[in-house]
Amino acid sequence: MLARGMARDILPPELRAALGRAAAYVRARLGASDKERHALVIRRDFDSGYSENELFDAARKYLTTKISPRTTPCLGLGLFPVEPDRSSSSWSTLLCLEHDGSTSDHFDGVDVVWKYVRAGRGEDGTTGEYFKLSFDAKDADTVSERYVPFVMSTAEQLRMRARALKISKNDGASWQHGINYHHPATFATLAMDPSLKQAVMDDLDRFLKRKEYYLRIGKPWKRGYLLYGPPGTGKSSLVAAMANYLRFNLYDLDLSVVPDNSALQMLLINMRNKSILVIEDIDCCFDAKKSREEEGSRNMPEPAADPDNTPRRQRAQRKQNTVTLSGLLNFIDGLWSTSGEERIIIFTTNYKERLDQALLRPGRMDMHVEMGYCRWEAFRTLARNYHLVDDHPLFPEIQQLLKAVDVTPAEVSEMLLRKEDAGQALQVLKQFLEGKKTNAKKEAPEMKNEEADKAM
């Protein structure tokens, strides 16, 4: 005001007019009208239909990543539910803006300002609260079409990471109430080939990001994994690591207690999205692998007894189940495959060679993951997990022994657990591996003799 007053007193009218015209020209050229501020109000009224505004809850959760007691003078601290059952493990403490508090954010070249207001009782008698999201008018499309969806997706990721995982098991044709799942396995602690481990993680990341891609190519948004390998090689641990990585709930499906295909269909339909379906020992759930020539199969010797003969396998082998392979495949890639989205399907087997080829063809089990014996890199992970050692004088000997014998990660873990001292535990493992190597040398000539006898 002082400057304008001095300009009126000092500058002649002609010069003031010329400066006014120049300022108007500059504003027109630079688009001063684009600097107009627009705002979106995300409201939650306690006494009206806005009380369950999911966007308001998403904005509140998203802003917890943008505020800090170090930079904002006054913040609120609240306890908020992250699961609908309101159990003690389903609540989380969150920082939040206090009344009239504000914070800024930057997204893809756009600057926005968030302001939180807790409204008092208005003329209509309602009370509530709202976030005011303000931005330049020229950025309105970016904010509404890209920034708001980004806020929603980020909030959903935060909710998924914070929630307690559940695992459910079927009781015949229905799912039992899920219980909390606290398996500690992660990809960091998983004893498997590093390159294979990274390939699985990359595949999961790619799957999560490709919703629009699956929609465009006309495929259900799901992914199938076949985990195969000898017992004790870490198939169950990999399933747990995948669940912890994705923060997806688990559904453990026991086909041996499902009465028929209709019941199977209802079970699969009643699964929630963002979940993992696990079917263990898939090789013994159906007539494992139909022989191409029945006459030839009659002359084949009886298969050896399964070393991993679990109760589930026994039930499945005893029962002539009316659940058919075609019924399961219809859910994987048939007409019912679109009954859910963002789902992972995992089959495990100790005997891949027994599986029907219909299960193995592309489009059903998208990624085949061989869980093999414990080799050097897997052992190093186990040594670090159990005894916090990355190097030891016994490592070179153990490395050579692991090249010479087949031993599962479960066997190595058992040896490492027998002693609390790292050196003593590694010595126990070394002796165990040496014993297996000696036994393998003794068995080799005997196997050759048996093969020669059979040839005769």
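- Naming follows an unreviewed UniProt entry, where the protein chain appears as AAA+ ATPase domain-containing protein of Triticum urartu.
- Reading the Cofactor (unreviewed entry) entry of the UniProt record for the protein chain gives the comment "Mg(2+)".
- Regarding the protein chain, the UniProt comment filed under Catalytic activity (unreviewed entry) reads as follows: "ATP + H2O = ADP + phosphate + H(+)".

1. Concerning the pairing of strand E6 (residues 128-136)
Line of reasoning, step 1. Burial within E6 is extensive, with 7 of its 9 residues counted as buried.
Line of reasoning, step 2. Alignment of strand E5 (residues 110-119) against E6, held across 7 bridges, turns out to be antiparallel. If you follow Lys 115 over to E6, its bridge partner there is Lys 132.

2. Some thoughts on the sheet that holds strand E4 (residues 102-107)
Line of reasoning, step 1. If you trace the 4 strands from one edge of the open sheet to the other, you get E1-E6-E5-E4, paired in antiparallel fashion. Unpaired on one side and paired on the other, strand E1 (37-45) and E4 mark the two borders of the sheet. Across the sheet, the mean angle from the axis of one strand to that of its neighbour is 20°, orientation sign disregarded.
Line of reasoning, step 2. Those strands touched by helix H3 (residues 54-63) are E1, E4, E5 and E6, and its axis lies near 110° from that of E1.
Line of reasoning, step 3. The sheet strands contacting helix H4 (residues 140-162) are E1, E4, E5 and E6, and the helix crosses E5 at an angle near 70°.

3. As for the environment of Asp 193
Line of reasoning, step 1. With respect to the element layout, Asp 193 can be found in the loop between strand E9 (179-180) and helix H5 (194-208).
Line of reasoning, step 2. Along the sequence, Asp 193 and Arg 375 sit 182 residues apart, while their C-alpha atoms lie 7.8 Å from each other.
Line of reasoning, step 3. A polar side-chain atom of Asp 193 sits 3.0 Å from the main-chain amide nitrogen of Leu 196.

4. Quick word on the pattern of salt bridges
Line of reasoning, step 1. Inspection of every chain in the model, using the stated rule, returns 20 salt bridges.
Line of reasoning, step 2. The salt bridge partner of Arg 37 is Asp 136, with a shortest N-O separation of 2.8 Å. Linking Arg 37 in strand E1 with Asp 136 in strand E6, this pair joins segments that are 99 residues apart in sequence.
Line of reasoning, step 3. Classification of Arg 37 by relative accessible area gives partly exposed; the value is 41%.
Line of reasoning, step 4. With a shortest N-O distance of 3.8 Å, Lys 436 and Glu 411 are connected by a salt bridge. In this pair, Lys 436 sits in helix H16 (residues 422-455) while Glu 411 sits in helix H15 (residues 409-417), placing the two residues 25 residues apart along the sequence.
Line of reasoning, step 5. Where salt bridges share partners, they join Arg 44, Asp 57, Arg 60, Arg 118 and Glu 129 into one cluster.

5. Looking at unusual backbone geometry
Line of reasoning, step 1. Of note, the phi angle at Asp 108 is positive, near 50°, even though the residue is not glycine.
Line of reasoning, step 2. Residue position: Asp 108 is located in the loop between E4 and E5.
Line of reasoning, step 3. Of note, the phi angle at Lys 274 is positive, near 55°, even though the residue is not glycine.
Line of reasoning, step 4. Mapped onto the elements, Lys 274 comes out in the loop between helix H8 (261-269) and strand E12 (275-279).
Line of reasoning, step 5. In this structure Lys 274 comes out as partly exposed when scored by relative accessible area, which is 22%.

6. Some thoughts on H8
Line of reasoning, step 1. Along H8, the positions that sit buried rather than exposed are Ala 263, Leu 264, Leu 267 and Leu 268. All buried residues of H8 lie within an arc of 135° about the axis, which places them on one face of the element.
Line of reasoning, step 2. Residues of H8 that are buried make contact with strand E7 (166-171), strand E8 (174-175), E12, helix H11 (325-333) and strand E13 (343-349).
Line of reasoning, step 3. For H8, the capping residue at the N-terminal end is Asp 260, with a side-chain oxygen 3.2 Å from the backbone nitrogen of Ser 262.

7. Section: the nonpolar core
Line of reasoning, step 1. Core analysis: the largest hydrophobic core is formed by 31 residues, its most contacted members being Phe 187, Leu 238, Ile 276 and Ile 344.
Line of reasoning, step 2. Elements that contribute at least two residues to this core include exactly H5, strand E10 (222-228), helix H7 (235-246), E12, E13 and strand E14 (367-370).
Line of reasoning, step 3. When neighbours within four sequence positions are excluded, Ile 276 is seen to be in contact with Met 242, Ala 243, Leu 246, Phe 248, Asn 249, Leu 250, Tyr 251, Ile 344 and Ile 346.
Line of reasoning, step 4. Core analysis: the second largest hydrophobic core is formed by 29 residues, Tyr 228, Leu 255, Phe 286 and Leu 325 among them.

8. A word on the packing of aromatic side chains
Line of reasoning, step 1. All told, the structure shown has 16 aromatic pairs when counted by the stated rule.
Line of reasoning, step 2. Judged by centre distance (5.4 Å) and plane angle (50°), the ring pair of Tyr 116 and Phe 131 falls under tilted. Here Phe 131 lies in strand E6 and Tyr 116 lies in strand E5, a separation of 15 residues in the sequence.
Line of reasoning, step 3. The class of Tyr 116 is buried, set by a relative accessible area of 9%.

9. Comments concerning the packing of H5 against H7
Any two packed helices are characterised by the angle at which their axes cross and by the distance between the axes.
Line of reasoning, step 1. For the pair H5 and H7, interaxial distance at closest approach is 11 Å and the crossing angle is 40°. Put simply, H5 runs oblique to H7. Helix-helix and strand crossings are classified by hand; for H5 and H7 the assignment is right-handed. Along its contact with H5, which presents Met 201, Leu 204, Asp 205 and Leu 208, the element H7 presents Met 242, Tyr 245 and Leu 246.
Line of reasoning, step 2. Its residues assigned to classes, the contact of H5 with H7 shows 6 nonpolar, no polar and 1 charged.

About the thresholds
Residues numbered from 1 in each chain as written. Predicted model: local features only at pLDDT ≥ 70, side-chain atom pairs only at ≥ 80, totals over all residues. Heavy atoms only, no water. UniProt positions renumbered as here; feature names shortened; annotations may be inferred. Buried < 20%, exposed > 50% of the residue type's maximum accessible area, 1.4 Å probe, protein only. Helix = DSSP H or I, 4+ residues; strand = E, 2+ residues; numbered from the N terminus. Pairing = 2+ DSSP bridges. Axes fitted to C-alpha atoms, helices over the stretch in contact; angles between N-to-C directions. Contact = heavy atoms within 4.5 Å. Polar contact = N/O pair within 3.5 Å; in protein donor to acceptor, adjacent residues only side chain to side chain. Salt bridge = Lys/Arg side-chain N within 4 Å of Asp/Glu carboxyl O. Arc of directions from axis to C-beta. Core = buried A, V, L, I, M, F, W, Y, C linked by side-chain atoms within 4.5 Å. Phe/Tyr/Trp six-rings, centres within 6.5 Å; stacked < 30°, edge-to-face > 60°. Parallel < 35°, antiparallel > 145°, perpendicular 65-115°, else oblique. Left-handed = near helix turned anticlockwise from the far one by under 90°. Nonpolar A, V, L, I, M, F, W, Y, C, P; charged D, E, K, R; others polar.

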